[in-house]
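Tertiary structure, described
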Amino acid sequence: MLADFIRYALISVVTLGVGYAMGFRIETNPFAAAAACLIAVAFALALSWVSVFIGMLARTPGAVQGIMILLVLPLSFGSNTFVQTNTLPGWLQGFVNVNPITHLAGVSRGLFIGGPVANHLLWTLGWIVGMVAVFMPLALRAYKRKV
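Notes on the structure in this doc start here. (Residues numbered from 1 in each chain as written. Predicted model: local features only at pLDDT ≥ 70, side-chain atom pairs only at ≥ 80, totals over all residues. Heavy atoms only, no water.)

Moving on, we come to helix α1 (residues 2-21). For α1, with 20 residues, the first-to-last C-alpha span of 29 Å sits near the 28 Å given by 1.5 Å per residue. If you check which residues of α1 are buried, you get D4, Y8, S12 and G19. The buried residues of α1 occupy one face: seen down the axis, they fall within an arc of 85 degrees. Within α1, the exposed residues directed more than 90 degrees away from the buried face are L2, A3, I6, L10, V13, Y20 and A21. The secondary structure elements touched by the buried residues of α1 are α2 (30-57). Following α1 by one or two positions, G23 has its phi on the positive side, about 115 degrees. (Helix = DSSP H or I, 4+ residues; strand = E, 2+ residues; numbered from the N terminus. Expected span 1.5 Å × (residues − 1). Buried < 20%, exposed > 50% of the residue type's maximum accessible area, 1.4 Å probe, protein only. Arc of directions from axis to C-beta. Contact = heavy atoms within 4.5 Å.)

So, on to the pattern of salt bridges. Applying the stated rule across the entire model yields one salt bridge. D4 is the salt-bridge partner of R7, the closest N and O atoms lying 2.5 Å from each other. Separated by three residues within a single helix, R7 and D4 lie in helix α1, roughly one turn from each other. Judged by its relative accessible area of 17%, D4 is buried. (Salt bridge = Lys/Arg side-chain N within 4 Å of Asp/Glu carboxyl O.)

Considering only enclosed or pocket space, the largest pocket measures out at about 940 Å³ in volume. A40, F43, A44, I101 and L104 are the residues nearest the centre of the largest pocket, which is lined by 29 residues in total. It is α2 that provides the largest number of residues to the lining of the largest pocket, a total of nine residues. Its residues assigned to classes, the lining of the largest pocket shows 18 nonpolar, eight polar and three charged. When contributions to the lining of the second largest pocket are tallied by element, the ones reaching two or more residues are α2, α3 (61-77) and α6 (118-146). (1 Å grid on protein atoms, 1.4 Å probe; cavity = no way out; pocket = protein on both sides within 12 Å on 5 of 7 lines; lining within 4 Å. Points joined across faces, edges and corners; volume = space filled by probe spheres on them. Nonpolar A, V, L, I, M, F, W, Y, C, P; charged D, E, K, R; others polar.)

The next thing to look at is the nonpolar core. Core analysis: the biggest nonpolar cluster contains 20 residues, and F43, V107 and L111 have the highest contact counts within it. Those elements that provide at least two residues to this core are α2, α3, α5 (100-113) and α6. Aside from chain neighbours lying at most four places away, what touches L111 is T28, A32, A33, A35, A36, I39 and V117. (Core = buried A, V, L, I, M, F, W, Y, C linked by side-chain atoms within 4.5 Å.)

Moving on, we come to the side chain of T124. Looking at the element boundaries, T124 is found in helix α6. Within the structure, the side chain of T124 is placed 3.3 Å from the backbone oxygen of H103, a separation counted as a polar contact. (Polar contact = N/O pair within 3.5 Å; in protein donor to acceptor, adjacent residues only side chain to side chain.)

Positionally, I128 belongs in helix α6. Beyond its immediate sequence surroundings of up to four residues, I128 is in contact with I39, A42, F43 and A46.

Turning our eyes to something else, we now look at the packing of aromatic side chains. The tally for this structure, following the rule as stated, stands at three aromatic pairs. Consider the rings of F53 and F135, whose centres lie 6.0 Å apart with planes at 50 degrees: the pair is tilted. Taken together, the residues F53 in helix α2 and F135 in helix α6 connect sequence positions 82 residues apart. The lysine or arginine in question, R25, covers the ring of Y20, its NZ or CZ lying 3.8 Å from the ring centre. (Phe/Tyr/Trp six-rings, centres within 6.5 Å; stacked < 30°, edge-to-face > 60°. Lys NZ or Arg CZ within 6 Å of the ring centre and 35° of its normal.)

Right, dumping it as structure tokens:
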């Protein structure tokens, strides 16, 4: 998990650097930008517990990767990360509105360029706490059974 934290922090720095080189500018302040990065890292770490749990159940690293892709791709593309929610079909809008990636993107946008943050932040923190509360104990229990 420590290695994941370092990797996610480094990814945040590289992503911001590439974004800056491409013309992206933080429109809020450095503290809000740092908060956005920390929230993204916290979310990634919470999601890591899901992969640790799956890793304890799956037989091969390839199986873990395949299962995680099956989970993450629908969350990524079924969010408002790439398109606005109101442009999506009605049946998909319901899923997008509760999707954790939608709220993570919303809080990140708000902290980087301004805009509403509170609702998205509460949802994101709820997802983080929920994933850790469910998958950390499951992963640790599965690990103890394997050892």
